[in-house]
Amino acid sequence: MSVSKTPEQQADYRRRKAAGLVEPKRDPLLERAVVPLTDDERHELEVRAMDVVQATLAAWLLGQRSRNTAVTYRRAWQAWVDWCTVNDESWLEPRRGVGAVWVASMNAERLSPATVRLRMAAVRSGLLELSLEGMRMGADPFLRVKAPRVADVSSTIPLSDDQVHRAVEAARALGGHQLTTVLALAVMGLRASEVAQLSVHTVKPSPWGMVADIVGKGQKAALVPVPEVVLAAARIAGWPCDEGNAANRRRVTYMVAQVSEAVGFKVHPHQFRHWHATVALREGVPIERVQDSLRHESPTTTQRYNRARVVVEGHSAFTIAEVLGRPAACTGVYPSGVPEGWSAP
C-alpha cells in the first residue's frame, strides 16, 4: 500500500528532480524493447516487411477487373522496380523528382505515350494501395509530372481495303481456320481474345439471327451478331477454337501470322478492328452505333480508330473552295462580283 507524501516531501522531491538528483524510473520491458538489433535480426525484419508489401501488391493485382489489366500492371511495376534498382533508388519510398526522371528516361527510350501513361497509372495506383494499407509514408512520386499526350489518332498501322481483301483471299487459300479468324476480326470487329471464344458452344440462334455470346474487355458479357459471311466460312473451315483447340488469343495471333506470311505484308489482329471502325464510319454508320458495336467506353476511343480522318479526300477545304468559286449572286460572299483572276465554275 503506497503512503502519500506530505507537501514538504513533494516540494523537496520537485527541487531535487529539477537539480537532476532524482534517477528516472526505468521500465524493464521498455529497456528490452529498445535493445539495438543485430544485423541478422534487422535483415530478417526487412525480409518479413518486404514479403508483406509484395503480398499486398499481389492482392492488388489480383483485384483488377481483368487478367489482361493485371498482366499489364505487373509488367509496368516490373519496369519501375528494375529502373529503381539500376539507379539505386527506392521503389517503395522514392525521393521527390524520381518519378519525373523515370518518365523522362522512358521518353528518351522512345516508348509510346500510351505506354508511358499506362506505366505511370499502374505505379501510382499500386503506391496508393500501399499507402492506404499503411506500408509507405511518402508522397506521390508523379505529383506535378506531366504525362505525355496521346495522339488523337491511334498509332496502329492502318490496313487498306485492298490489303484486307488480299488477307481474306490468302486465308481462304490456306484452307484452315484462318478464313473464319480473319473474317471474324474484320467483319465483326472483334478483339483477338474474343475471336478465341467463338465455337459451336458460344454461337447460337436468337430472335435477331445468329449471335456470339462472348466476354469482352473488362469481363463484360456481350452478344455480337454473326453475319452470314462469317457463318458460311465457319461451316466450311470451322470456328477458330473448336473442340481440341486451345481457346486463347495466342492461337488467333498465330493464325493471323500465317496469313501475314502468305500475303506478303505484316498484319496484326487488332489492325482488322481499326479497319472495321474506319470503314463503318466512312460508309455513314453513326459513331454512336460504331461505339456500341465495338463496345468502347467513349466515342473518343472510337474516333481514334477512324483513320479516314487523316486522308485528304473529303477535306473541308474543297467544299469552301467550291463555295468561293460560285457566282456572287449565289453566295453573297463577294457583293461586288467574283474577284479578278478567279475562274468561277
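What you see is a predicted model; the values in this text were computed from it and never measured.

Thoughts on the nonpolar core
If you look at the biggest cluster of nonpolar residues, it comprises 39 residues, and the most contacted ones within it are Met-188, Leu-198, Val-226, Trp-239 and Phe-272. Those elements that place two or more of their residues in this core are helix H7 (161-174), helix H8 (178-187), helix H9 (192-195), strand E2 (209-215), strand E3 (221-225), helix H10 (228-237), helix H11 (249-263) and helix H12 (269-282). Counting residues per element, this core draws most heavily on H8, which supplies six residues. Apart from residues lying up to four places away in sequence, Trp-239 is in contact with His-177, Thr-180, Leu-198, Ser-199, Val-200, Val-203, Val-226, Val-230, Leu-231 and Ala-234. In this structure, Val-53, Trp-77, Cys-84 and Leu-92 belong to the second largest nonpolar core, which totals 25 residues.

Considerations on the sheet that holds E2
Strand order in the open sheet formed by three strands is E1-E2-E3, and the pairing between neighbours is antiparallel. Where the open sheet ends on each side, the last strands, each with one partner, are strand E1 (203-206) and E3. Ignoring strand direction, the axes of neighbouring strands in this sheet form an average angle of 40 degrees. When E1 meets E2, the two strands line up antiparallel, connected through four bridges.

Brief notes about a positive patch on the surface
There is a patch of like positive charges on the surface, built from Arg-67, Arg-74, Arg-75, Arg-249 and Arg-250. Counting residues per element, the ones that place at least two in the positive patch are helix H4 (67-86) and H11. Mapped onto the secondary structure, Arg-75 falls in helix H4. Classification of Arg-75 as exposed rests on a relative accessible area of 55%.

So, the packing of aromatic side chains
Tallying each qualifying case throughout the model produces six aromatic pairs. Relative to Tyr-73, the ring of Trp-60 has its centre 5.7 Å away and its plane inclined at 25 degrees; by these criteria the two rings are stacked. Placement of Trp-60 in helix H3 (residues 39-62) and of Tyr-73 in helix H4 is noted, with a sequence separation of 13 residues between them. An identical accessibility class is assigned to Trp-60 and Tyr-73; each is buried.

Overview of the pattern of salt bridges
Throughout the structure, instances matching the rule amount to 15 salt bridges. The partner of Arg-282 in a salt bridge is Asp-161, with the nearest N and O atoms 2.9 Å apart. With Arg-282 in helix H12 and Asp-161 in helix H7, this residue pair connects regions lying 121 residues apart in the sequence. A residue is classified by how much of its surface remains accessible, and Asp-161, at 28% relative accessible area, is partly exposed. Here Arg-191 and Glu-194 are joined by a salt bridge, their closest N and O atoms 2.7 Å apart. Looking at Glu-194, the relative accessible area reads 0%, which means it is buried. What emerges from the salt-bridge pattern is a single network uniting Asp-12, Arg-15 and Arg-16.

Definitions and limits used
Residues numbered from 1 in each chain as written. Predicted model: local features only at pLDDT ≥ 70, side-chain atom pairs only at ≥ 80, totals over all residues. Heavy atoms only, no water. Core = buried A, V, L, I, M, F, W, Y, C linked by side-chain atoms within 4.5 Å. Buried < 20%, exposed > 50% of the residue type's maximum accessible area, 1.4 Å probe, protein only. Helix = DSSP H or I, 4+ residues; strand = E, 2+ residues; numbered from the N terminus. Contact = heavy atoms within 4.5 Å. Pairing = 2+ DSSP bridges. Axes fitted to C-alpha atoms, helices over the stretch in contact; angles between N-to-C directions. Patch = residues over 30% accessible without salt bridge, like charges linked within 9 Å, V, L, I, M, F, W, Y side chains within 5 Å. Areas by Shrake-Rupley, 256 points an atom, 1.4 Å probe, with all protein chains shown as cover. Salt bridge = Lys/Arg side-chain N within 4 Å of Asp/Glu carboxyl O. Lys, Arg positive; Asp, Glu negative; His and termini not counted. Charge placed at Lys NZ, Arg CZ, Asp CG, Glu CD. Phe/Tyr/Trp six-rings, centres within 6.5 Å; stacked < 30°, edge-to-face > 60°.

Keep in mind that these numbers describe shape and distance, not what the molecule does.
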